[in-house]
Each structure stands twice: as structure tokens, then as C-alpha cells.
Amino acid sequence: MMRGRPDGAQKKRLVTMLCCLGVLVVFLFLYFGSGSQPGQSAMEYGKTLRKLGSSYLGGDDEGELNKQDESKFSLDDGDNSTTPKSFPVCDDKHSELIPCLDRNLHYQLRLKLDLSLMEHYERHCPPAERRFNCLIPPPRGYKVPIKWPKSRDQVWKVNIPHTHLAHEKSDQNWMVDKGERIEFPGGGTHFHYGADKYIALLANMLNFTNNKLNNEGHVRTVLDVGCGVASFGGYLLSSDVIAMSLAPNDVHQNQIQFALERGIPAYLGVLGTKRLPYPSRSFEFAHCSRCRIDWLQRDGILLLELDRLLRPGGYFAYSSPEAYAQDEEDLRIWKQMSDLVERMCWKIASKKNQTVIWVKPLTNDCYLEREPGTLPPLCRSDDDPDAVWNVRMEACITPYTEQNQRARGSGLVPWPARLTAAPPRLADFGYSNSMFEKDTEIWQRRVEHYWNLMDRKIRSDSLRNLMDMKANLGSFGAALKDKNVWVMNVVPEDGPNTIKIVYDRGLIGSVHDWCESFSSYPRTYDLLHAWSIFSDMEKKGCSGEDLLLEMDRLLRPTGFVIIRDKKSVVDFVKKYLSPLHWESVALVDSEDSESEEEEEKVFIVQKKLWFPGEGGLKDSM
């Protein structure tokens, strides 16, 4: 460079060079900076860049987060140029990601959670700017799951490559490592010699006919708290009893993932500070076998949550050292627990060996006869026992309705008649019996139509775990009674709270907000039924792309999605088939559209089996 003061021409050239250099730097930053690093992929939705990967992983927590507007769910944009050509693939280490139960997120967001109250096992969803907007890959070597009923007893180890429990619980027969398979002998912490024998023992304690826990159809829905790998629920199925097997995503590695891989109904949840997402009076039977829950904490609030969920005359089977051990600490706990349940008006139905079974009263009479000021109190009259989404537990007893009092029980007929009999709680919604019967008939016809459309793609054992994303009265699930499947019936949290009708029919399910991720592991459902869910999300302003990615996360490779919605929804979804590695199976007009605005379409797609980094798909369908 020349020394001294430059002349005008040199100065002009210098300014020009600096401007060019500045433009080049800005271009390189925009082109590479937003997503060229591992875990920092970015994808354009319309004119908006949404930050991916590293923003969720933490990145610069103190830095300026991406504040650009998120793309809104628009079904009618009609601009194919904005359609992404591919979705980024999440890192392999995220193949088991559960976004709202990700403890890494808790640390990154510095959430102040009370570990003693199990808050770290409750749902804490990522804010929009920290979501993983990428496809969850299957683990290397993933295989299409073993089919039911064989899957109850064995799964592919490559699908869930975790053998921690096989070693930790080796003396309890939870699971056994058998090379390329993991086998489940049916044991548990309290029933080493098999869940079937233990279930028969419980039935015998209650003098049920033929030692069957279904009690001739009067026991149909069961809540298994701290379920382990869900062998208790798995062995109940042969008796026409369906259990919601519940456990947190805790140190017992992947227990709920194993349960669902086996084809057993299960849900990730914990008795912490919030109500479980089930309505009052949902279960005839609750079960805790060495579930390591402190039932006495916070004035018995966790036991009172079970009380809310049990039907009149419902049972709670408790197998634990406190029920039989004679050391000082166990005797103290037993005395305090006995005192608590007595004040709750529970009675001992049977006590034998290491198990006690309590029974809940049929009416409010006992509650009203207690001394004034007795704790726990009855819940306030304005407390809705069926409000469950993000509702905190209360240490109070949920009294029965006038209908329950008159009926001296739930008023439900035995299973299987209750599946199609109009339940008493229909009146809570102003629905008539004829409306219920019509809904049942409509969905029976629709489900038959679905199966006809999928006929060339499925065999009798192709499907096991199904989810109805907007269950309404549960008639989709009811129509599948003769199929060898079970259905997770989901009722959106902002609609009619019909989940109690689902349970009254002898089915199971959960309340959920589809603007958030569901509490399940990836690849846990064979079929998702999405009736008007996309239209609902559009009205709420939630992201359609996020919903598609969440459905893909839940769906097993080779699994199906049935979309029943308006044409604009189908057009929207069709744009994303290639990025999601989905393929169309059928697209037809609805055979009996109930929509007043636009005729419904039925669009069925199937997910391909693919692996990342192979330059293509592995197609095994």
C-alpha cells in the first residue's frame, strides 16, 4: 500500500472495494450463517426463515433469538414455489425425542422445577423458536415391529437398543436380552413368576367369577400407575380388560417405549402437581405394584387424584412393603395410610399376603356423615372434576353427581354391551340417545370404508396401535371392536370434553392440545386418524407444518394416516408427501360428508421406511 494521503481516485476505489467486501460478507452470512453448522439446519416456509436444531439445543441462550414471524397455517396459499423441497433430518441422537418431556430443554431454559414434586417429569413444551422442525430418524437398522400377539412377548432390540432394565431387573423377569430380540417373560417387581398368576390372585381376593379380573364385564378400564414395561396391562387384554399403563420418562429407561413397541396401551405421565389427562370416574380399577409413590405427601393429594379417577365402587390394589412388612417405618406408613383412606371413606375389600385392595364408596353418604372439619375436605362446588388440561391437583375429595347418587354407582352396563349403550353422562352435553346411536352407525360405516380403501395395503395383523386424534364420542374406536387393535382416543382440550363418554363406553384415551407434541415416543402408532384436525389448527393459528412433523414423529414406518377434512387441507398435505417420505394410498370424496362448509375428502397415506444419509429411501412396503 502506498504511504501518505491517497488522492481522490484512490479514495474512491478504496470505498468501492470496502462496499463490495461488505456486500460479500452479508451475502455469505445470509447464505451460510443461518444453518450451515451441524444441528443448525434452516428451512424456508414462504418468506420466513424458522430457526431449527441448535436453537432448541440451546445455542446462545443469552443471545438474540430468532424473532421473525412464524409462518401461519395457510391452506390456500396456492404458491408452490414456497413448498420446501425437503425437511432437515434430526441428528441420530434425537431418534427418541419427546419434545415436551425433554429434560435437556429444562436445563437450557433454566426452568425452576421442584424435583420432590416430580415436576421435572411433567410436560414442559419448547417455545416456538426452540422446536426441532426436522424429521426424527429411526435408529440404524430399524425393523418393522413384530406383529401382535407375538409382540407381547418379544420385540426387535435394534428398534429400542436399551438393555439396562434386562440387567437391573434380571431377578424380576421384566425383560431378557436374547441377542437380536428382547423377550418379556411377563414378570414384574412384585410378580416375578408372571403377571397372569398375579392377576388371577387379585381376582381371587375379590371373589370374582373364575378368578377373572373383568368380573363378568363390570371391570373394563384399569389404571396401572408405575407400570414398568406394562406386562400387567398386557396380560389383562386377554380378559377383555384394557389398562392405561402409566409411567414417567425416568431412570427406568424407555419402559413406556417398550410397552408401545409390544402393542400394549401406554402413556407417558406422572403423578406430580397436575391432574392426569383423564376425566373423573374413568376407571373401575387402579393398580400400584411397588410403584415407589409417596401416597402420604401433601395431605394425600396423589391418592385423592386416584380417588377422582375411580368410579363409584372402584378398587385400588396396592402391593407394597407397607401393606405387609413389620419394621417400624413400614408400620408407621401403613398406619398413616390406613387413617387417610378411612377419612376418604375407602374400605378394605381384601388383604392377603403382600397386597391390600381398597374399595371406594358407591354414594356420597359416607362423605356427608363425616365429622365437620374432617380432612381431606370435599372439593368446592365450582370445581370441575373433568377439567384436566394443565389443571393443578387439589387435596380434596370429588363427590358424586346426583345421577351417581340415584344410581348408587356409575349406571353403566357391563362390557361389551356398554360399548354401544348410551351412557348416562351423554346428558351432560345435551345429546340424546338417538344422536349417540346415529354417531355410532355413521362411524361404523366410515371405518368399513377406510378398511376397504386400504385393503390392498394391509393384512389382518398389519395394525395394532391406533390413535384417533379427534375422538368426539369414541365411535371410530368402537367401530374397531372386532379388529385386533386398540385405540388411543384423543379429545382436543378446547372442544367439548367428551373424553368421559369415551371412557364410559369402555375405551381409553387422553385430552390433548394438538398445538403441542403428544406424550409418546417416536414410532409408536401404526395408524393416525385425523378428522378435521387440520381445519381446527388453522382456526387456532397453529402451524400446519408442525402438526405434520408431529404426526410423522408418532407414526411407525409403514404406518398409515387417514385424513378426513376439506379439499384445501388435502391440497396442503399433498405438497408435503415427498418431504415426509409419505405416499398416497387413496383419495376419494367422503361417502357421507357431514360438513356444512365444504365437502369432506378422505385422504389415506402411508409412511415409507427410510434411513438418513443413504441418498435415498429403503422401501420395504
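Residues numbered from 1 in each chain as written. Predicted model: local features only at pLDDT ≥ 70, side-chain atom pairs only at ≥ 80, totals over all residues. Heavy atoms only, no water.

The chain is annotated in an unreviewed UniProt entry as Methyltransferase from Aristolochia fimbriata.

Caption draft 1: The state of the cysteines, seen in detail. Enumeration according to the criterion identifies six disulfides in this entry. In this model, Cys345 is linked to Cys366 through a disulfide, with the two sulfur atoms separated by 2.1 Å. Across the S-S bond of Cys345 and Cys366 the torsion is about -85°, and the bridge reads as left-handed. Here the residue Cys345 occupies a position in the loop between α9 (328-343) and β11 (347-352), and Cys366 occupies one in helix α10 (residues 365-369), the gap between them amounting to 21 residues. A disulfide bridge connects Cys379 with Cys396, and the sulfur atoms are separated by 2.0 Å. Measuring handedness by torsion sign, the sulfur bridge of Cys379 and Cys396 sits at about 90° and is right-handed. Of this pair, Cys379 sits in the loop between α10 and α11 (402-407) while Cys396 is found in the loop between α10 and α11, placing the two residues 17 residues apart along the sequence. (Disulfide = S-S within 2.5 Å. Helix = DSSP H or I, 4+ residues; strand = E, 2+ residues; numbered from the N terminus.)

Caption draft 2: Representation of the environment of Phe560 in the model. Along the chain, Phe560 turns up in strand β17 (residues 555-566). Each C-alpha atom of the pair Phe560 and Leu527 lies 4.6 Å from the other, and the pair is 33 residues apart in sequence. The contacts of Phe560, once residues within four sequence positions are left out, are Met454, Lys457, Ile458, Leu463, Asp526, Leu527, Leu528, Leu555, Val585, Ile604, Val605 and Gln606. (Contact = heavy atoms within 4.5 Å.)

Caption draft 3: Summary view of the sheet that holds strand β4 (residues 176-178). Spatially, the three strands line up as an open sheet ordered β3-β5-β4, and their pairing is antiparallel. The sheet is open, and its two borders are formed by β3 (154-156) and β4, each paired with just one other strand. Neighbouring strand axes in the sheet, compared pairwise and without regard to direction, differ in orientation by 25° on average. Sheet analysis places β3 next to strand β5 (residues 181-183), joined by three bridges and oriented antiparallel. When the bridges of β5 are listed, Gln154 appears paired with Glu183. (Pairing = 2+ DSSP bridges. Axes fitted to C-alpha atoms, helices over the stretch in contact; angles between N-to-C directions.)

Caption draft 4: Looking closely at helix α5 (residues 195-205). All of the buried residues in α5 are Ala195, Tyr198, Ile199, Leu202, Ala203 and Met205. Projected onto a plane normal to the axis of α5, the buried residues spread over an arc of 160° and lie on a single side. Lining the buried residues of α5 we find α6 (231-236), β9 (283-289), β10 (310-319), β11 and β12 (355-359). One or two positions beyond α5, positive phi appears at Asn207, with a value near 60°. (Buried < 20%, exposed > 50% of the residue type's maximum accessible area, 1.4 Å probe, protein only. Arc of directions from axis to C-beta.)

Caption draft 5: Examining the sheet that holds strand β6 (residues 221-225) more closely. Here seven strands make up an open sheet; going across it, the order is β8-β7-β6-β9-β10-β12-β11 and the pairing mixed. Edge positions in the sheet fall to β8 (266-268) and β11, since each has one partner strand and no second. In this sheet, adjacent strand axes meet at a mean angle of 20° when their direction is disregarded. With three bridges joining them, strand β7 (residues 242-247) and β8 adopt parallel strand pairing. The partner of Ala247 across the bridge, within β8, is Leu268. Against the sheet, helix α7 (residues 255-262) touches β7 and β8, its axis set at about 155° to β8. Strands β10, β11 and β12 of the sheet are contacted by α9, whose axis makes an angle of about 15° with β12.

Caption draft 6: Structural context of the packing of aromatic side chains. Counted under the stated rule, the structure contains 26 aromatic pairs. On the numbers, 6.4 Å between centres and 45° between planes, the contact of Trp346 with Trp358 is tilted. Pair noted here: Trp346 is in the loop between α9 and β11 and Trp358 is in strand β12, with a separation of twelve residues, a long-range link. Like Trp358, Trp346 is buried. The residue whose ring lies beneath Arg220 is Trp415, and the NZ or CZ to ring-centre distance is 3.5 Å. (Phe/Tyr/Trp six-rings, centres within 6.5 Å; stacked < 30°, edge-to-face > 60°. Lys NZ or Arg CZ within 6 Å of the ring centre and 35° of its normal.)

Caption draft 7: The pattern of salt bridges, seen in detail. Scanning the entire structure with this criterion turns up 33 salt bridges. Between Arg275 and Asp383 there is a salt bridge, with the nearest N and O atoms lying 3.0 Å from each other. Within this pair, whereas Arg275 is found in the loop between β8 and β9, its partner Asp383 is found in the loop between α10 and α11, the two being separated by 108 residues in sequence. The class of Asp383 is buried, set by a relative accessible area of 17%. Notably, a salt bridge pairs Lys481 with Asp482, separated by 3.8 Å at the nearest N-O pair. With a relative accessible area of 43%, Lys481 lands in the partly exposed category. Counted as one network, the salt bridges with shared partners bring together Glu284, Arg311, Arg418, Arg425 and Asp504. (Salt bridge = Lys/Arg side-chain N within 4 Å of Asp/Glu carboxyl O.)

Caption draft 8: How the structure looks around the packing of helix α8 (residues 297-309) against α9. Viewed as axis vectors pointing N to C, α8 and α9 meet at an angle of 60°, and their least axial separation amounts to 11 Å. Judged by the angle between their axes, α8 and α9 are oblique. You can see that α8 and α9 cross each other, and the crossing is right-handed. Packed against α8, whose contacting residues are Asp299, Gly300 and Leu303, the element α9 presents Met337, Leu340 and Val341 at the interface. (Parallel < 35°, antiparallel > 145°, perpendicular 65-115°, else oblique. Left-handed = near helix turned anticlockwise from the far one by under 90°.)

Caption draft 9: Layout of the packing of helix α15 (residues 533-540) against helix α16 (residues 544-554). Two elements in contact, α15 and α16, have axes whose closest approach is 10 Å; the angle formed by their N-to-C orientations is 140°. Relative to α16, the element α15 lies oblique. Pair α15 / α16 crosses with right-handed handedness. Judged by residue contacts, Ile533, Phe534 and Met537 of α15 engage Gly544, Leu547, Leu548 and Met551 from α16. Considered class by class, the residues forming the contact of α15 with α16 number six nonpolar, one polar and no charged. (Nonpolar A, V, L, I, M, F, W, Y, C, P; charged D, E, K, R; others polar.)

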